[in-house]
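Residues per chain, in single letters:
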Amino acid sequence: PTTGDVVLDVRAIRKQFGGLVAVNDISFQIRAGQITGLIGPNGAGKSTTFNLVTGVLGLTSGEVLFRGERISGLPSRAIACRGMSRTFQHVKMVPDMTVLENVALGAHLRSGKGALSAMLHWDRAEERQLFAEAERQLRRVGMGAYLHHKAGDLSMGPQRLLEIARALCADPALLLLDEPAAGLRHKEKQELAEVLRTLRAEGMAILLVEHDMGLVMDICDHIVVMEFGTHLMEGTPTEVQQSEKVRAAYLGT
Ligand code: ADP
Ligand code: MG
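Residues numbered from 1 in each chain as written. Chains lettered and ligands numbered in written order. Predicted model: local features only at pLDDT ≥ 70, side-chain atom pairs only at ≥ 80, totals over all residues.

- The name an unreviewed UniProt entry gives the chain is ATP-binding cassette domain-containing protein, with Giesbergeria sinuosa as the organism.

1. Section: the site of ligand 1
Working step 1: As a structural note, the neighbourhood of ligand 1 is formed by Phe-17, Leu-20, Ala-22, Gly-40, Asn-42, Gly-43, Ala-44, Gly-45, Lys-46, Ser-47 and Thr-48.
Working step 2: Sorting the residues of the shell around ligand 1 by element identifies strand E2 (20-31) and helix H1 (46-53) as the ones contributing at least two each.
Working step 3: Across the shell around ligand 1, the residue classes tally to four nonpolar, six polar and one charged. (Near = placed C-beta within 6 Å. Helix = DSSP H or I, 4+ residues; strand = E, 2+ residues; numbered from the N terminus. Nonpolar A, V, L, I, M, F, W, Y, C, P; charged D, E, K, R; others polar.)

2. Looking at the domain arrangement of the chain
Working step 1: Split by domain assignment, the chain resolves into domain 1 (1-83 + 172-253) and domain 2 (93-170).
Working step 2: A straight line from the C-alpha centre of domain 1 to that of domain 2 covers 26 Å.
Working step 3: Counting from both sides, the interface comprises eleven residues of domain 1 and, opposite them, twelve residues of domain 2.
Working step 4: Taken together, the elements giving at least two residues each to the side of domain 1 that touches domain 2 come down to helix H2 (76-81) and helix H7 (186-201).
Working step 5: In terms of residue count, H7 provides more of the side of domain 1 that touches domain 2 than any other element does, four residues in total.
Working step 6: For the side of domain 1 that touches domain 2, the residue count by class is seven nonpolar, one polar and three charged. (Domains from an automatic or database assignment. Contact = placed C-beta atoms within 7 Å.)

3. Observations regarding the pairing of strand E7 (residues 174-178)
Working step 1: Where burial is concerned, most of E7 is hidden: five out of the five residues are buried.
Working step 2: Neither face of E7 is left uncovered, since the one carrying Leu-174, Leu-176 and Asp-178 and the one carrying Leu-175 and Leu-177 both have all their residues buried.
Working step 3: Pairing of strand E6 (residues 84-86) with E7, which is carried by three bridges, proceeds in the parallel orientation. For Ser-85, the partnering residue across the bridge sits in E7 and is Leu-175.
Working step 4: Where E7 and strand E8 (residues 205-209) come together, five bridges link them in parallel fashion. Residue pairing in the sheet places Leu-177 in a bridge with Leu-208 of E8.
Working step 5: Crossover connection from E7 via H7 to parallel E8: handedness right-handed. (Buried ≥ 20, exposed ≤ 12 C-beta atoms within 10 Å, placed from the backbone. Pairing = 2+ DSSP bridges. Right-handed = clockwise from strand over helix to strand, strands pointing away.)

4. Quick notes on H1
Working step 1: For H1, the complete set of buried residues consists of Lys-46, Thr-48, Thr-49, Leu-52 and Val-53. For H1, the angular spread of buried residues about the axis comes to 160 degrees, placing them on one side.
Working step 2: Looking at the residues trailing H1, positive phi occurs at Gly-55, about 85 degrees. (Arc of directions from axis to C-beta.)

Encoded structure:
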């Protein structure tokens, strides 16, 4: 996709849990070469939106188009195969394996085969290819110096970058990040921001759910604000920061 092209088109998506409307007819678009922030107070419906887009949860109504095709209703694996990758808030990795092995294993799992098959059956050609891809993605996020470090020895910042490298295997068009800056030190947040800027410059579309407003305002091109399951407003960081509605939502006044 070319920068500015709509990669994800979310149309009036809705999710009810019993009597609770967690996501209430939300619409927004995500464009190539842009970082879109999704923010809002706790319970606003951000995680549910994320799970609806990635197919982890089924929609009550509405639809989602990805690269022009309807994906709502498809299982999450099928959506991932079309070029959508996500990270999770809690990093899952094998602490005794190296960084490179962890990412190669992740790439293998993404290919649709099981973990056991990964351990027992990957043949030499496939193995070489997986490791080459893992190394390429690790270098892309600035983790070239950590390839052979034990994953369990990494501090939080490099752990998050490992997780992003894993999500980048298979070259997604859209990357969804769930609070990637949580628990990071200031310098690590700056390194994360730099990586996201690099990916953006390569044309990646990024959806960022994040609590750190400094980071959101610093790197997002466009921000969607949710409150109580509804779409409160959207705009540039400046527009969002100047919005009375947004201030009221956050300050509860
Ligand atoms: P956020 O990520 O913005 O903090 P969530 O999407 O996690 O918000 O939650 C939105 C609302 O939906 C909350 O009121 C939450 O309690 C509710 N909710 C989320 N998941 C479920 C679920 N599986 N079953 C029932 N209610 C849920
Ligand atoms: Mg959440």
